[in-house]
Amino acid sequence: MRRRRPIPPSPLPQRDGVDPVRVRLPARGPWATVREHLVQRLAAGPGAVDGMFAAGLIVGADGRAVPADAPYVPGTFVWFHRELPEEVPVPFPLEVVHRDEHIVVADKPHFLATTPRGSHIAQTALARLRRELGIPDLGAAHRLDRLTAGLVLFTVRPEERGAYQALFRDRRVRKEYEAVAPYDPGLGLPRTVRSRIVKERGVLAAREVEGAPNALTRVELADRRADGLGRYRLVPGTGQTHQLRVHMNALGVPILGDPLYPVVTGPVPAGDFRRPLQLLARVLEFTDPVTGAEHRFTSSRVLAAWSSYEDWAAGQ
């Protein structure tokens, strides 16, 4: 069995806390040159790819610019920096709850993506923390939805990242969320919700279908108010996409500010930070797989619709 060639270190530094793109040339293909492969692979178009070659922006493992007519060599790598999109800065603080030589725990605001993806690149928690803390090797151990606020775990050392990611994969992390939603006196709580959730590529909302359950959430009522609002404690036993939002909607009490459940609304303009989704990752608890320490972290954020529903509804 042929051993795979190890991945060489990137010859390009990060830019604004964002790693360069790395492309490995496939073992087989019809391409005679590196350019032919990148034109077919990248969505930028032939003109943009040719411009990158002309400017010397595509480099090999030695850091030297790769010429457009360079022969295609299967298994080799090239690197380049993507053209960063124009992003509206998320005007809320990203607070560090804990930092040591192994991990960083941050309290993420609403509207800030965890890691670079799609149109959110430099305005992400990972890129911001790399810049602000000066830790270029910082990596995310898991992800929190862009619209959800709360605790996210990051790793300092790349060689330890897998151990922390395994905590989430193997469900050895206790996560507790808080949500604000309508109060229904006829809804019997606490209860455990079980269902099968599917999320199809290209479809914004997930949905429940018949079949063996793959999603489990413990739902408790933490408090209620005379104005018809409830504050809920949500403890997920699984990690399906949009699981908490789907389960709350299925119970008839959709989370306030949710643009997908029960109805998919139109896209929110960039820079519109009004009426955030009232969902917060409140508690993160686990045994450190590297040090053995017992960790329990708690977000200090307050959901705006609970502290002042009128201000939240008015978008203040």
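Here the structure is a predicted model, which is why all the values come from computation and not from measurement. In this convention, every chain numbers its residues from 1, walking through the sequence in written order. With pLDDT at 70 or above as the cut-off, local features in this predicted model cover only qualifying residues; side-chain atom pairs require 80 or more to be listed or tallied, and sums for whole chains, interfaces and linings still use all residues. Side-chain measures here rest on the full set of heavy atoms in the structure, leaving out hydrogens and waters.

Colleague: Could you clarify how one ought to interpret the overall build of the protein chain in this entry?
Modeller: Secondary structure elements follow DSSP: runs of H or I no shorter than four residues count as helices, runs of E no shorter than two count as strands, and numbering proceeds from the N terminus. If you tally the helices and strands in the protein chain, you get seven helices and 13 strands. Overall, the protein chain is about 70 × 45 × 40 Å in size when its C-alpha atoms are taken along their principal axes. Of all intrachain contacts in the protein chain linking residues separated by at least 6 positions in sequence, the fraction that spans at least 24 positions is 62%. What sets the accessible areas is the Shrake-Rupley method with a 1.4 Å probe; for residues, cover comes only from the shown protein chains. Total accessible area on the protein chain is roughly 16,700 Å²; 50% of this is exposed by carbon and sulfur atoms. Of the charged side chains in the protein chain, 44 are positive and 35 negative, and the gap between their average positions amounts to 6 Å. Residues are treated as being in contact if the distance between any of their heavy atoms lies within 4.5 Å. As used throughout, the charge tally considers Lys and Arg to be positive and Asp and Glu to be negative, leaving His and the chain termini uncounted. The atoms used to mark charge sites are NZ of Lys, CZ of Arg, CG of Asp and CD of Glu.

Colleague: Even after reading the chapter, I still don't get helix α1 (residues 34-41), so can you show me in this structure?
Modeller: Helical geometry note: an α-helix holds 3.6 residues per turn, so side chains three or four residues apart project in the same direction. All buried positions along α1 are accounted for by V34, H37 and L38. Taken end-on, α1 shows its buried residues confined to a sector of 95°, consistent with a single buried face. Residues of α1 that are buried make contact with β1 (21-24), α2 (46-54) and β2 (77-80). Accessibility here uses a 1.4 Å probe with only protein chains present; expressed as a share of the type maximum, an area under 20% marks a residue as buried, one over 50% as exposed, and anything in between as partly exposed. By definition, the arc is the one covered by directions from the helix axis to the C-beta atoms.

Colleague: Explain the packing of aromatic side chains here, please?
Modeller: Given two aromatic rings, their pairing is described by the distance between the two centres and the angle made by the two planes. Only Phe, Tyr and Trp rings are paired, with Trp represented by its six-membered ring, and only when their centres lie within 6.5 Å; those with planes under 30 degrees apart are stacked, over 60 edge-to-face, the remainder tilted. Tallied over the full model, the rule gives seven aromatic pairs. On the basis of an interplanar angle of 80° and a centroid distance of 5.8 Å, the ring pair of F92 and F273 is categorised as edge-to-face. Here F92, found in the loop between β2 and β3 (95-99), pairs with F273, found in the loop between α5 (243-250) and β12 (279-287); they are 181 residues apart in sequence, far enough to count as distant. Taking the relative accessible area as the measure of exposure, F92 reaches 30% and is therefore partly exposed. Ring plane angle 40° and centroid distance 5.7 Å describe the contact between Y309 and W312, whose orientation is recorded as tilted. Residue Y309 and its partner W312 are both found in helix α7 (residues 309-313); the two are separated by three residues, about one turn of the helix. Since its relative accessible area comes to 32%, Y309 is described here as partly exposed. Through pairs of rings, three or more aromatic residues link up here, namely F92, F111 and F273. Working rule: Lys NZ or Arg CZ, within 6 Å of ring centre, within 35 degrees of ring normal, means a charge sits over the ring. In this arrangement the basic side chain of R225 is found over the ring face of W306, its NZ or CZ atom lying 4.6 Å from the centre.

Colleague: Even after reading the chapter, I still don't get the nonpolar core, so can you show me in this structure?
Modeller: Nine residue types can take part in a nonpolar core, namely buried Ala, Val, Leu, Ile, Met, Phe, Trp, Tyr and Cys, and a core is a set of them joined through side-chain atoms within 4.5 Å. Counting 34 residues, the largest nonpolar core has L138, F154, L234, M248 and L279 as the members making the most contacts within it. Secondary structure elements with two or more residues in this core: β4 (103-108), α3 (125-133), β6 (149-155), β7 (174-182), β11 (229-236), α5 and β12. If near-sequence neighbours (up to four positions away) are discounted, M248 is found in contact with A181, V219, Y232, L234, V253, P254 and I255. L25, V49, I58 and V78 belong to the second-largest nonpolar core, a separate cluster that totals 14 residues.

Colleague: Would you mind going over the packing of α1 against α2 with me for this structure?
Modeller: Helix-helix packing is characterised by the crossing angle of the two axes and by the distance between the axes. The axes used here are C-alpha line fits, helices contributing only the stretch in contact, and every angle between their N-to-C directions lies in the interval 0 to 180 degrees. Orientation of α1 relative to α2, taken along the N-to-C sense of each, is 140°, at an axis distance of 9 Å. The pairing of α1 with α2 is recorded here as oblique in orientation. The interaxial crossing formed by α1 with α2 has right-handed handedness. Counting all contacts with α1, which are made through V34, R35, L38 and V39, the residues of α2 involved are P46, V49, D50 and F53. Throughout, the term roughly parallel applies to angles under 35 degrees, roughly antiparallel to angles over 145, roughly perpendicular to angles from 65 to 115, and oblique to all others. Throughout, a crossing is termed right-handed when the near helix is turned clockwise from the far one, and left-handed when it is turned anticlockwise from it by less than a right angle.

Colleague: Would you mind going over helix α4 (residues 161-169) with me for this structure?
Modeller: For α4, the set of buried residues is Y164, A166, L167 and F168. Buried-residue contacts for α4 involve β4, β6, β7 and β12. Within two residues after α4, R171 carries a phi angle of roughly 60°, on the positive side.

Colleague: I would appreciate a short explanation of empty space enclosed by the protein in the present structure.
Modeller: Picture a little ball the size of a water molecule; that probe, rolled over the atoms, points out where space is still empty. Buried and open spaces are told apart on a 1 Å grid over the protein atoms alone, a cavity being a set of points where a 1.4 Å probe fits but cannot get out and a pocket being an open set with protein on both sides within 12 Å along at least five of seven lines. Residues with an atom within 4 Å of a point are the lining residues. Grid points are joined across faces, edges and corners, and a volume is the space filled by probe spheres set on the points. Evaluation of the coordinates by the stated rule reveals two cavities of 30 Å³ or more. Of the volumes computed, that of the largest cavity is approximately 40 Å³. Lining the largest cavity, in full, are H142, L144, L151, K175, Y177, A281, V283 and L284. Elements represented by at least two residues in the lining of the largest cavity include exactly β7 and β12. Among the residues making up the lining of the largest cavity, the classes are represented as six nonpolar, one polar and one charged. Every residue along the wall of the second largest cavity is listed here: R15, V18, D19, H81, R82 and L84. Its residues assigned to classes, the lining of the second largest cavity comprises two nonpolar, one polar and three charged. Residue type decides the class: Asp, Glu, Lys and Arg count as charged, Ala, Val, Leu, Ile, Met, Phe, Trp, Tyr, Cys and Pro as nonpolar, and the leftover types, Gly among them, as polar.

Colleague: Quick question: what am I supposed to make of the pattern of salt bridges here?
Modeller: Where charged atoms from two side chains of opposite charge approach closely, those side chains can pair. For this document, the term salt bridge refers to a Lys or Arg side-chain nitrogen within 4 Å of an Asp or Glu carboxyl oxygen. Counting across every chain of the model gives 20 salt bridges. Across the pair R274 and D272 runs a salt bridge, and its minimum N-O distance is 2.9 Å. Taking the relative accessible area as the measure of exposure, D272 reaches 19% and is therefore buried. Counted as one network, the salt bridges with shared partners bring together R174, E176, R218, E220 and R233.

Shape is all these values report; function is a separate question.
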